[in-house]
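# Summary of the model geometry
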Amino acid sequence: MKSLFLSLFALSSTLLVNAQPSAWMEPFPPHKIAGNLYYVGSKDLASYLIATPEGHILINSSFEESVPLIRASIEKLGFKFTDVKILLISHAHSDHCAGSAEVIKQTKAQYFVMEQDAEAVENGGERKSRLKASYLAFTPAKVDRRLKDGDEVKLGGSTLIAHLTPGHTRGCTTWTMKVDGLHAVIIGSTNVNPGYILVGNKDYPGITTDYERTFRFLKAQSVDLFLGAHGGYYDMNAKHTRFLIAGGANPFIDPAGYHRYVEDREKAFLAELAKQQAK
């Protein structure tokens, strides 16, 4: 029965990957963002490496099929994939955490997840959700540390802070850290996906309040480096071309772009909320 259960997860994951935008699985040049913070994800599914003398921290495992891409990116930068000691995620959706079990298998990394998403991660997807089951299904992975809002994750002189920014999922996490004197913010997600119920949601009655909390937090942040769980959040492709190929000032330092993005996403949330309230 367990074998059948895992096989169904694998099939769901494969079907999902084939149905998603090609940019999610398309390789992208790994690159330094600032200091010891690097991009090691695909063209749109963002993964980040924080390299330290005591091992590395990886944020987001993406799909199971993404793990070879992430590993190749890390090694292309001159680091060892097996030196990843801590694995973090932005939230418990398959496009950000389905590869976690495989990353842990290959690296023996410790897995730290915000407590509100930990059960979904260990169950292989949230059982009660406003999303289709195929979007959530992934191989379960054991969580070694359940994080609380404001918890610090430290390794080799680097410190990341886990901020609970719920709504997109109950445990959606925005990560912040200081690197080269710059304040980096990696937004978990503020999107209201198709099918999300904001009014009268019996499975997640506090969803609207959680989104409002998230926007209050994000708008209050002082930001230098604007990053996110998808490269598209912060126009990563164009910035990479302008900075690393054409040269010039670091375009990832973009506080104005950050605040424009958060304002745009809040407007989209309020518009969807008003639409559902009017029904």
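An account of the accompanying structure is given in this report. (Residues numbered from 1 in each chain as written. Predicted model: local features only at pLDDT ≥ 70, side-chain atom pairs only at ≥ 80, totals over all residues. Heavy atoms only, no water.)

## Examining the overall build of the chain
When you go through the chain residue by residue, the secondary structure sums to 9 helices and 12 strands. Counting across all 279 residues of the chain, residues that qualify as buried make up 54%. Partitioning the contacts of the chain with sequence separation of at least 6, the portion at a separation of at least 24 is 66%. Surface summary for the chain: the accessible area is close to 12,100 Å², and the carbon and sulfur share equals 54%. (Helix = DSSP H or I, 4+ residues; strand = E, 2+ residues; numbered from the N terminus. Buried < 20%, exposed > 50% of the residue type's maximum accessible area, 1.4 Å probe, protein only. Contact = heavy atoms within 4.5 Å. Areas by Shrake-Rupley, 256 points an atom, 1.4 Å probe, with all protein chains shown as cover.)

## Some thoughts on the packing of aromatic side chains
By the definition in use, this model includes 11 aromatic pairs. Judged by centre distance (6.2 Å) and plane angle (70°), the ring pair of Tyr234 and Phe252 falls under edge-to-face. Residue Tyr234 is located in the loop between β12 (225-228) and α8 (236-245), and its partner Phe252 is located in the loop between α8 and α9 (255-277); the two are separated by 18 residues in the primary sequence. Pair check on accessibility: Tyr234 and Phe252 agree, each one buried. In this structure an aromatic cluster arises from ring pairing among Phe226, Tyr233, Tyr234, Phe252, Tyr258 and Tyr261. (Phe/Tyr/Trp six-rings, centres within 6.5 Å; stacked < 30°, edge-to-face > 60°.)

## A word on helix α2 (residues 67-76)
Considered for burial, the residues of α2 that qualify are Val67, Leu69, Ile70, Ser73 and Ile74. An end-on view of α2 places all buried positions within 160° of arc, on one side of the element. Of the exposed residues in α2, the ones pointing more than 90 degrees away from its buried face are Pro68 and Lys76. Those residues of α2 that are buried lie in contact with β3 (48-52), β4 (55-59), β5 (84-88) and α4 (100-107). Note on α2: the residue one or two positions beyond its end, Gly78, has a positive phi of about 100°. (Arc of directions from axis to C-beta.)

## A look at the side chain of Ser73
By the secondary structure assignment, Ser73 is in helix α2. Apart from residues no more than four positions distant in its own chain, Ser73 is found in contact with Phe28, Pro30, Val40 and Gly41.

## Quick notes on the sheet that holds strand β2 (residues 37-39)
Overall, mixed pairing links the 7 strands, which are arranged β1-β2-β3-β4-β5-β6-β7 in an open sheet. Taken across any chain shown, the strands that pair with only one partner, and hence form the sheet edges, are β1 (31-34) and β7 (145-147). Averaged over all pairs of adjacent strands, the angle between their axes in this sheet comes to 25°, without regard to strand direction. Relative to β5, β4 is paired through 4 bridges, and the arrangement is parallel. Paired with His56 across the strands is Val84, a residue of β5. (Pairing = 2+ DSSP bridges. Axes fitted to C-alpha atoms, helices over the stretch in contact; angles between N-to-C directions.)

## Here's the deal with unusual backbone geometry
Phi is positive for Lys108, which is not a glycine, with a value near 65°. You will see that Asp235, though not glycine, has its phi angle at about 60°, which is positive. Relative to the helices and strands, Asp235 is located in the loop between β12 and α8.

## Some details on the nonpolar core
If you look at the biggest cluster of nonpolar residues, it comprises 50 residues, and the most contacted ones within it are Leu37, Tyr48, Leu88, Trp175 and Tyr234. Beyond its immediate chain neighbours, meaning those up to four positions away, Tyr234 contacts Tyr39, Tyr48, Phe226, Leu227, Gly228, Lys239 and Phe252. (Core = buried A, V, L, I, M, F, W, Y, C linked by side-chain atoms within 4.5 Å.)

## A look at the pattern of salt bridges
If the charged atoms of two oppositely charged side chains come close together, the side chains can form a pair. Following the criterion strictly, the structure yields 12 salt bridges and no others. The shortest N-O distance in the salt bridge between Glu115 and Lys148 comes to 3.1 Å. With a gap of 33 residues between them, Glu115 in helix α5 (residues 115-123) and Lys148 in the loop between β7 and β8 (152-155) connect regions that are remote in the sequence. Its relative accessible area of 47% is what places Lys148 among the partly exposed residues. Among the salt bridges present, the one from Arg146 reaches Glu122, with a minimum N-O distance of 3.0 Å. One end of the pair, Arg146, is in strand β7; the other, Glu122, is in helix α5, and 24 residues separate them in sequence. Its relative accessible area of 44% is what places Arg146 among the partly exposed residues. Judged by relative accessible area, which is 31%, Glu122 ranks as partly exposed. (Salt bridge = Lys/Arg side-chain N within 4 Å of Asp/Glu carboxyl O.)

## Quick word on the environment of Cys172
Within the secondary structure layout, Cys172 lies in the loop between β9 (158-164) and β10 (173-179). On a C-alpha basis, the gap between Cys172 and Gly188 in space is 5.8 Å, while along the polypeptide they are 16 residues apart.

## What about the environment of Arg146?
Residues Arg146 and Val113 lie 33 residues apart in sequence; the distance between their C-alpha atoms is 5.3 Å. Here Arg146 is in contact with Val113, Glu115, Ala118, Glu119, Glu122 and Asp151, once residues within four sequence places are set aside. Engagement of the side chain of Arg146 in a polar contact is seen with the side chain of Glu122, the distance being 3.0 Å. (Polar contact = N/O pair within 3.5 Å; in protein donor to acceptor, adjacent residues only side chain to side chain.)

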